[in-house]
Amino acid sequence: MGSLGVAQPFGLIWVLALVVLLLLGLTGVARSAELPLDYPPTTSAQGSPSGSWTVVAPTGREAGQVLSPAGIALDSQGNLFVTDREYNRVEQREPSGGWSLTATGWDPDTGLWPGAPMPPKPIPAGRVWTPWGVTVDSAGNLYLAEAADWELSRIQMRDGQGHWSVLATFGEEPGQVVYPTSVVVDGAGNLYVADWGTSRVQVRSREGNWSVLASLGTEVGLVREPKALALDREGNLYVADTSNYRIQKRTPAGDWSVVASWESEPVDHYQPWGLAVDAAGGLYVSLVAPNAKSVLRRLDPSGAVTDVATQGTGLGQVRFPQGLAIGTDGSLYVADWGNQRVQKLMATSRAFADVDGNGSVGLEDALLVLRYCLDLSSLTPDEIQAADANGDGVVSIAD
């Protein structure tokens with residue numbers, strides 16, 4: 001009897017809980033306010049090496065859509081910046097999910113200069129023409145590489161107050177650029193530029209002094225048409241030495257080495273088009289072969305190589321991938337140029353429905369979802385993704 005006296009209140013609680021669960025299931029009560037930024041996804045896929053894929057920006061001309069995404073970057077606040085070469089604009093996606101224009105051509109509706117096939121010369125600061133590379137430093141300054149029709153090539157900067165200035169104009173002298181395609185900034189405020197048209201890598205110090213780190217050639221430490229740059233936490237600079245079919249690494253001490261090469265591959269003579277380094281030192285690279293075959297790979301410091309995405313038009317597939325960026329949570333953003341979209345590979349180590357991340361799916365996971373749906377507790381982004389087991393973009397009892 002004593003044991004029954006203890007069990008009865010406990011059983012009543014569970015009866016009530018089951019009633020609540022039934023009511024929630026019948027009424028369709030659900031919460032979605034705290035879902036990851038790109039939910040509800042355009043489509044969803046599961047089973048990739050690091051998580052699930054979603055489309056952040058689909059094809060189109062409206063806000064939050066793209067036609068020719070090339071450069072991509074994230075700032076410390078989680079804002080996503082995407083350059084759209086076809087539409088002559090830079091879009092910003094806020095952590096809340098809203099989109100806005102950071103920079104555009106003269107006419108915000110068309111991205112073009114009214115009544116003219118080409119923009120005026122010089123282009124006013126703050127206006128853009130075929131933008132490519134983009135990056136943001138720790139102070140919130142945005143840097144933009146415009147790989148325009150040669151004499152319109154330049155590097156612009158927008159400071160934290162929204163004021164624009166031109167840092168480099170067209171030319172072949174140090175501090176001048178010809179078709180720049182990538183920009184990155186290190187912790188000391190040094191700006192690195194992949195100057196594709198002159199086959200150089202340049203650097204601009206915080207004080208505004210320019211120097212050339214690498215020039216045209218095939219030897220280690222020389223480059224041919226570099227297209228992308230990336231920095232790791234130690235300050236090592238990675239260079240997509242595109243027409244030499246390799247990736248080079250430059251240490252802060254100035255030592256160069258080749259970390260990957262596809263020059264001798266008989267079939268897939270890959271060229272690196274985009275780079276990004278994650279917190280573990282893994283190097284992501286966009287690869288495109290002369291036969292148009294595309295692949296996205298991760299090169300682990302241990303030497304392991306993983307194909308993260310292969311060629312195709314489906315979710316989690318790529319065509320002519322360009323810029324790459326890593327979020328603070330480890331998620332990977334891809335400017336999927338050939339498919340006219342921006343994709344995101346959500347980083348998670350949790351299995352779907354394993355909400356608490358303990359390696360198994362059980363009653364505790366259901367209770368976490370219940371409390372969340374009743375607005376009694378919150379969930380982390382990893383927990384939310386795991387809770388959305390049916391992939392419909394809404395955390396509900398149905399999951």
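Only a predicted model underlies this, so the values are computations on that prediction, with no experimental measurement involved.

J.: With reference to specific residues and values, describe the pattern of salt bridges.
T.: By the definition in use, this model includes 8 salt bridges. When the shortest N-O distance is used, the salt bridge between arginine 298 and aspartate 278 registers 3.0 Å. With arginine 298 in strand E22 (residues 294-299) and aspartate 278 in the loop between strand E20 (271-277) and strand E21 (283-288), the pair connects residues that are 20 residues apart, well separated along the chain. With a relative accessible area of 16%, arginine 298 lands in the buried category. Note that arginine 297 is salt-bridged to aspartate 307, the shortest N-O span being 2.7 Å. Remark: aspartate 307 occurs in strand E23 (residues 305-310) and arginine 297 occurs in strand E22; sequence separation between them is 10 residues. Each of the salt bridges in this network shares a partner with another, and the network as a whole consists of Asp278, Arg298 and Asp300.

J.: Go over the sheet that holds strand E8 (residues 142-146) with me, naming the residues and quoting the values.
T.: The strand order across the open sheet formed by 5 strands is E7-E8-E9-E10-E11, and the pairing between neighbours is mixed. Two strands bound the open sheet, and with one partner strand each, they are strand E7 (131-136) and strand E11 (176-177). Sheet topology places E7 next to E8; 4 bridges connect them, and they run antiparallel. Looking at the pairing, proline 131 lines up with glutamate 146 of E8.

J.: How would you explain the packing of aromatic side chains if you had to name every residue and give the values?
T.: Tallied over the full model, the rule gives 4 aromatic pairs. A centroid spacing of 6.2 Å and a plane angle of 65° characterise the contact between tryptophan 132 and tyrosine 179, whose relative ring orientation is edge-to-face. Taken as a pair, tryptophan 132 in strand E7 and tyrosine 179 in the loop between E11 and strand E12 (180-185) lie far apart in primary sequence, 47 residues in all. Take tryptophan 132 and tyrosine 179: they sit in the same class, and that class is buried. Considering the side-chain rings of tyrosine 179 and tryptophan 196, the 5.3 Å spacing of their centres and the 55° angle between planes classify their relative orientation as tilted. Here tyrosine 179, found in the loop between E11 and E12, pairs with tryptophan 196, found in the loop between strand E13 (191-195) and strand E14 (200-204); they are 17 residues apart in sequence, far enough to count as distant.

J.: Talk me through the sheet that holds E13; I want residue IDs and the actual numbers.
T.: If you trace the 4 strands from one edge of the open sheet to the other, you get E12-E13-E14-E15, paired in antiparallel fashion. Sheet topology places E12 and strand E15 (210-214) at the edges, where each strand pairs with a single neighbour. Taken over all neighbouring pairs, the strand axes of this sheet differ in orientation by 25° on average, direction set aside. The sheet contact formed by E12 and E13 spans 5 bridges and is antiparallel. Counterpart to proline 180 in the pairing with E13 is aspartate 195.

Criteria and thresholds
- Residues numbered from 1 in each chain as written.
- Predicted model: local features only at pLDDT ≥ 70, side-chain atom pairs only at ≥ 80, totals over all residues.
- Heavy atoms only, no water.
- Salt bridge = Lys/Arg side-chain N within 4 Å of Asp/Glu carboxyl O.
- Helix = DSSP H or I, 4+ residues; strand = E, 2+ residues; numbered from the N terminus.
- Buried < 20%, exposed > 50% of the residue type's maximum accessible area, 1.4 Å probe, protein only.
- Pairing = 2+ DSSP bridges.
- Phe/Tyr/Trp six-rings, centres within 6.5 Å; stacked < 30°, edge-to-face > 60°.
- Axes fitted to C-alpha atoms, helices over the stretch in contact; angles between N-to-C directions.

Fair warning: the whole summary comes from geometry, so function is off the table for now.
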